[in-house]
Amino acid sequence: MTDIKIRNVSKIFGGSWKAALAMTQQGADKGEILARTGCSVGLDNVSLDIPGGRIFVIMGLSGSGKSTLVRHINRLIEPTSGEILVDGSNVLDLKPKDLRDFRNRRVSMVFQNFGLMPHRTVLQNVVYGQRVRGLTKVDAKPIGMKWIETVGLAGYENKFPHQLSGGMKQRVGLARALAADTDVILMDEAFSALDPLIRADMQDQLLQLEKNLHKTIVFITHDLDEALRIGAQIAILKDGKLVQVGTPNEILNSPANDYVARFVQRRAGAGEPHHA
Amino acid sequence: MFPEAFHISIRGPINDFVQSLVVNYGFVFKAISQTLLQAILFVEWILRGLPWWAVFLVFLALAWAASKKVSLVVTVAVMLFVVGALGLWDLTMQTLALMLIASLISVAIGVPMGIWLAKSELMRRITLPVLDVMQTMPSFVYLIPAIMLFGLGKVPAVLATIIYAVPPLIRLTDLGIRQVDGEVVEAATAFGGSPTQILFGVELPLATPTIMAGLNQTIMMALSMVVVASMIGARGLGEQVLNGIQTLDVGKGLEAGLGIVILAIVLDRITQGFGQMSRKERGND
Ligand SMILES: Nc1ncnc2c1ncn2[C@@H]1O[C@H](COP(=O)(O)OP(=O)(O)OP(=O)(O)O)[C@@H](O)[C@H]1O
Ligand SMILES: [Mg+2]
């Protein structure tokens with residue numbers, strides 16, 4: 001079980017980030033900063049405790065900084081300020097070699113736009129993490145096949161990504177992250193392209209992983225039903241700021257402000273949250 | 001007349017510089033020259049020593065591997081047959097040997113340079129203008145430094161050819177690597193791939209079609225240098241053309257010229273075929 005602590009992380013995209021950072025500290029909003037400095041605010045002083053061994057859901061409108069936030073956890077993005085602690089140790093202190101090891105063995109990721117390697121087959125894509133780790137083709141194959149079957153792509157292992165549909169590609173990305181067998185899995189809208197049946201099935205798989213293997217799963221979604229169903233906790237972002245964190249019940253029953261209320265209002269009590 | 005007072009001559013300093021290079025580092029050039037000559041002679045020895053049908057077979061096999069099309073194989077066969085029938089076989093093999101060596105060395109220089117350019121903004125800013133200048137310079141100019149440092153013969157001919165022909169390969173390697181989808185590289189990074197693993201496992205394979213296009217251009221430019229290079233001692237078809245011109249033997253010149261064109265077409269089709277193949281392999285992504 002690996003817990004993740006995000007401490008006062010801000011991320012400004014753009015050259016004059018110093019001015020922009022100062023403006024965020026004075027409480028200027030995202031649009032104003034973009035107009036004045038040309039920088040876009042990815043995250044604005046976000047602090048978050050992600051407990052180990054649970055599914056943690058992040059929600060928010062498009063452009064609110066969800067992808068930016070999870071990319072900080074495996075340091076695909078360096079924060080402008082703040083720190084990220086995984087199991088108590090600061091990710092920002094890792095040397096290049098240790099950082100590669102950390103990414104390879106401790107966190108894996110499913111990408112919003114899949115990020116599959118077009119020149120590798122489904123199987124070769126799925127075992128990428130294991131191969132980087134030094135496993136031979138022969139040893140990696142059964143691991144890959146197991147996860148390809150789990151995501152329902154048996155028979156497609158020798159196809160190339162361009163021969164698959166969007167939802168199938170997304171499942172390859174999913175299988176790749178799962179095959180890496182890491183404690184932490186970052187899932188950026190990992191189910192967005194799936195049909196409702198496969199989606200429900202994948203949600204069950206995820207709950208199994210949480211229950212049996214105690215994986216820490218950070219899950220981004222736009223779908224409130226999905227969030228309520230699988231999330232032990234839900235965090236809501238707006239314009240790079242953290243608006244509310246809480247269990248599904250807390251979010252449903254005591255929304256922190258109008259923004260959150262609008263997020264949850266269209267569902268009044270349908271379905272049962274998994275983590276009551 | 002332009003006033004004498006403003007006259008600056010760079011002739012003296014350049015000559016002195018080259019002179020001192022040759023005097024002080026002559027052994028370096030000699031060593032390079034010797035190794036290169038051995039390599040050229042070796043390839044020539046193989047190509048000219050092989051029976052004609054063996055070379056034929058190799059070319060047909062390459063044409064097939066590059067395109068999987070019977071039409072290309074037949075075209076290549078007919079073209080090579082014409083070369084043989086015109087009595088140009090041996091000369092063509094000499095030229096081919098120079099092409100092969102020049103292309104191999106161009107790849108050895110061009111691809112790593114291209115990678116470096118793609119990885120370093122500074123390097124790119126320095127090199128691109130140099131490449132621009134190199135590509136606009138008339139090919140004759142490259143003969144000068146080559147002769148200065150290496151005298152007359154096959155070695156300076158090959159070196160001049162390389163300098164003339166390598167820029168497109170550098171450019172297109174750089175372009176190919178930069179064009180690789182950032183998300184794919186990001187994904188490889190996220191799974192712990194090291195820079196070397198990402199370069200060889202992701203970037204280079206995905207850049208291959210573009211690099212092949214660069215190689216194709218490099219080979220074509222090298223062929224266009226054949227006649228010029230023969231002025232400083234490259235043998236083969238180029239020399240024959242030059243001979244034809246010098247003795248006003250138009251027929252002889254044209255025959256050899258035809259040989260160069262055929263060689264160009266054959267090499268062009270084959271390298272393009274390989275390029276398209278690597279593009280097709282991964283669909284339209
Ligand atoms: N590489 C970048 N360069 C500049 N700005 C960026 C970059 N990446 C993200 N941003 C900005 O950061 C903000 C947050 O982007 P992010 O991708 O994290 O949003 P998101 O919440 O994942 O949205 P979506 O739901 O559409 O995926 C946006 O305003 C975006 O313009
Ligand atoms: Mg996103």
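Just so you know, these numbers come straight off a predicted model, no measurement behind them.

Asks: Explain the overall build of chain B to me, please; I cannot follow it from the model alone.
Replies: Across its full length, chain B holds 13 helices and 0 strands. N-terminal to C-terminal, the α/β element order of chain B is α-α-α-α-α-α-α-α-α-α-α-α-α. Oriented by its inertia axes, the alpha-carbon framework of chain B measures out at about 65 × 55 × 40 Å. Counting across all 285 residues of chain B, residues that qualify as buried make up 48%. Sequence-distant contacts, at least 24 apart, represent 77% of the contacts inside chain B between residues at least 6 apart. When the accessible surface of chain B is totalled, it reaches about 14700 Å², and 70% of it is carbon and sulfur.

Asks: Would you explain the sheet that holds strand S1 (residues 4–13) of chain A in this entry?
Replies: Sheets are built from strands that pair by backbone hydrogen bonding, the pairs being arranged parallel or antiparallel. Residue and element names in this part refer to chain A. With respect to topology, 4 strands assemble into an open sheet ordered S2-S1-S4-S5, the strand pairing being antiparallel. Looking along the sheet, the strands with just one partner apiece sit at the ends: strand S2 (40–50) and strand S5 (89–90). With 2 bridges connecting them, strand S4 (residues 81–86) and S5 associate as antiparallel partners. Looking at S5, one finds that leucine 85 is bridged to asparagine 90.

Asks: Any chance you could explain the site of ligand 1 here in plain terms?
Replies: Residues and elements named next belong to chain A. The full set close to ligand 1 counts 15 residues, and Ser62, Lys66, Ser67, Thr68 and Gln112 are the nearest of them. Contacts to ligand 1 include glycine 65, whose backbone N or O atom sits 3.0 Å from an oxygen atom. With respect to ligand 1, the side chain of glutamate 189 contributes an N or O atom lying 3.3 Å from an oxygen atom. When ligand 1 is considered free in solution it has 630 Å² of accessible area, and contact with the protein chains removes 63% of it.

Asks: Mind showing me how you'd approach helix H2 (residues 52–67) of chain B here?
Replies: Structural remark: α-helix, 3.6 residues per turn; residues separated by three or four positions point the same way. All names here are of chain B. Counted at 1.5 Å a residue, the expected span for H2 with its 16 residues is 22 Å, and the 23 Å between its end C-alpha atoms agrees. Turning to H2, its buried residues number three or more, namely Ala54, Val55, Phe56, Phe59, Leu60, Ala63, Ala66 and Ser67. On its buried face, H2 is in contact with helix H1 (11–49), helix H3 (70–85), helix H4 (89–119) and helix H13 (250–280). Phi turns positive, to about 55°, at lysine 68, one or two residues after H2.

Asks: For this particular structure, what's the right way to read the pattern of salt bridges?
Replies: Once the charged atoms of two side chains with opposite charge are near each other, the side chains can pair. Residue and element names in this part refer to chain A. Under the defined criterion, the tally for this structure stands at 25 salt bridges over all chains. Residues arginine 105 and aspartate 101 are paired through a salt bridge, measuring 4.0 Å at the closest nitrogen-oxygen approach. In this pair, arginine 105 and aspartate 101 are both assigned in helix H4 (residues 96–105), 4 residues apart and thus about one turn of the helix distant. With a relative accessible area of 33%, aspartate 101 lands in the partly exposed category.

Asks: What is the right way to look at the packing of H1 of chain B against H4 of chain B in this model?
Replies: Helix-helix packing is described using two parameters, namely the angle between the two axes and the distance between the axes. Residue and element names in this part refer to chain B. The N-to-C vectors of H1 and H4 enclose an angle of 135°; their axes lie 9 Å apart at closest approach. Considering the angle they form, H1 stands oblique to H4. When you trace H1 past H4, the crossing you get is right-handed. Between H1, through Leu36, Ala39, Ile40, Val43, Glu44, Leu47 and Arg48, and H4, the contact on the second element is made entirely by Asp90, Met93, Gln94, Leu96, Ala97, Leu98, Leu100, Ile101 and Ile105. Of the residues belonging to the contact of H1 with H4, the class tally is 12 nonpolar, 1 polar and 3 charged.

Asks: In this structure, what is going on with the sheet that holds strand S8 (residues 216–220) of chain A? I would like to understand it.
Replies: Residue and element names in this part refer to chain A. The 6 strands are arranged S6-S7-S8-S3-S9-S10 in an open sheet whose pairing can be described as mixed. Single-partner strands in this sheet number two, and they are strand S6 (107–110) and strand S10 (241–246). Sheet twist, expressed as the average angle between the axes of neighbouring strands with direction ignored, equals 15°. Sheet analysis places strand S9 (residues 233–238) next to S10, joined by 5 bridges and oriented antiparallel. Bridge pairing in S10 places isoleucine 234 opposite glycine 246. Taken strand by strand, helix H8 (residues 166–179) contacts S6 and strand S7 (184–188), and its axis lies near 175° from that of S6.

Asks: In this structure, what is going on with the UniProt feature "domain: ABC transporter" (unreviewed entry) in chain A? I would like to understand it.
Replies: UniProt records the feature "domain: ABC transporter" (unreviewed entry) for residues 4–264 of chain A in the present numbering. Helix and strand shares over residues 4–264 of chain A are 43% and 23% respectively, and the end C-alpha atoms of the span are 26 Å apart.

Asks: Looking at this structure, how should I read the packing of aromatic side chains?
Replies: The geometry of an aromatic ring pair is captured by the separation of the ring centres together with the interplanar angle, meaning the angle of the planes. Residues and elements named next belong to chain B. Evaluated as defined, the whole model comprises 7 aromatic pairs over all chains. Their ring planes at 55° and their centres at 6.1 Å tell us that phenylalanine 2 and phenylalanine 6 sit as a pair that is tilted. Between the aromatic rings of tryptophan 52 and phenylalanine 56, the centroid separation amounts to 5.4 Å while the plane-to-plane angle is 90°, which identifies the pairing as edge-to-face. Taken together, the positions of tryptophan 52 and phenylalanine 56, both in helix H2 and 4 residues apart, correspond to about one turn of that helix. Under the relative-accessibility criterion, tryptophan 52 is labelled exposed at 52%. Overall, the relative accessible area of 12% leaves phenylalanine 56 in the buried class. Members of the aromatic cluster, joined through ring pairs, are Trp52, Phe56 and Trp89.

Asks: I keep staring at the coordination of the magnesium ion (ligand 2) and nothing clicks. Help me out?
Replies: For the magnesium ion (ligand 2), the full set of protein donor atoms is Ser67 of chain A (OG) and Gln112 of chain A (OE1), and the range of their distances to it is 1.9 to 2.3 Å. With serine 67 of chain A in helix H3 (residues 66–73) and glutamine 112 of chain A in the loop between S6 and helix H5 (122–126), the pair connects residues that are 45 residues apart, well separated along the chain.

Asks: Even after reading the chapter, I still don't get the interface of chain A and chain B, so can you show me in this structure?
Replies: Size of an interface, as often reported, equals the accessible area lost when the parts are brought together. Contacts between the two partners involve 26 residues from chain A and, on the opposite side, 23 residues from chain B. At the junction of chain A with chain B, the criterion picks out 1 salt bridge. For the salt bridge of arginine 71 of chain A with glutamate 186 of chain B, the shortest nitrogen-to-oxygen distance reads 2.6 Å. Across the chain A-chain B interface, the total number found is 5 residue pairs in polar contact (both at pLDDT 80 or more). Within the side of chain A that touches chain B, the residues separate by chemical class into 12 nonpolar, 8 polar and 6 charged.

Basis of the calculations
- Residues numbered from 1 in each chain as written.
- Chains lettered and ligands numbered in written order.
- Predicted model: local features only at pLDDT ≥ 70, side-chain atom pairs only at ≥ 80, totals over all residues.
- Heavy atoms only, no water.
- Helix = DSSP H or I, 4+ residues; strand = E, 2+ residues; numbered from the N terminus.
- Buried < 20%, exposed > 50% of the residue type's maximum accessible area, 1.4 Å probe, protein only.
- Contact = heavy atoms within 4.5 Å.
- Areas by Shrake-Rupley, 256 points an atom, 1.4 Å probe, with all protein chains shown as cover.
- Pairing = 2+ DSSP bridges.
- Near = heavy atom within 4 Å.
- Polar contact = N/O pair within 3.5 Å; in protein donor to acceptor, adjacent residues only side chain to side chain.
- Expected span 1.5 Å × (residues − 1).
- Salt bridge = Lys/Arg side-chain N within 4 Å of Asp/Glu carboxyl O.
- Axes fitted to C-alpha atoms, helices over the stretch in contact; angles between N-to-C directions.
- Parallel < 35°, antiparallel > 145°, perpendicular 65-115°, else oblique.
- Left-handed = near helix turned anticlockwise from the far one by under 90°.
- Nonpolar A, V, L, I, M, F, W, Y, C, P; charged D, E, K, R; others polar.
- UniProt positions renumbered as here; feature names shortened; annotations may be inferred.
- Phe/Tyr/Trp six-rings, centres within 6.5 Å; stacked < 30°, edge-to-face > 60°.
- Donors = N, O, S within 2.8 Å, 3.2 Å for Na, K, Ca; no water.

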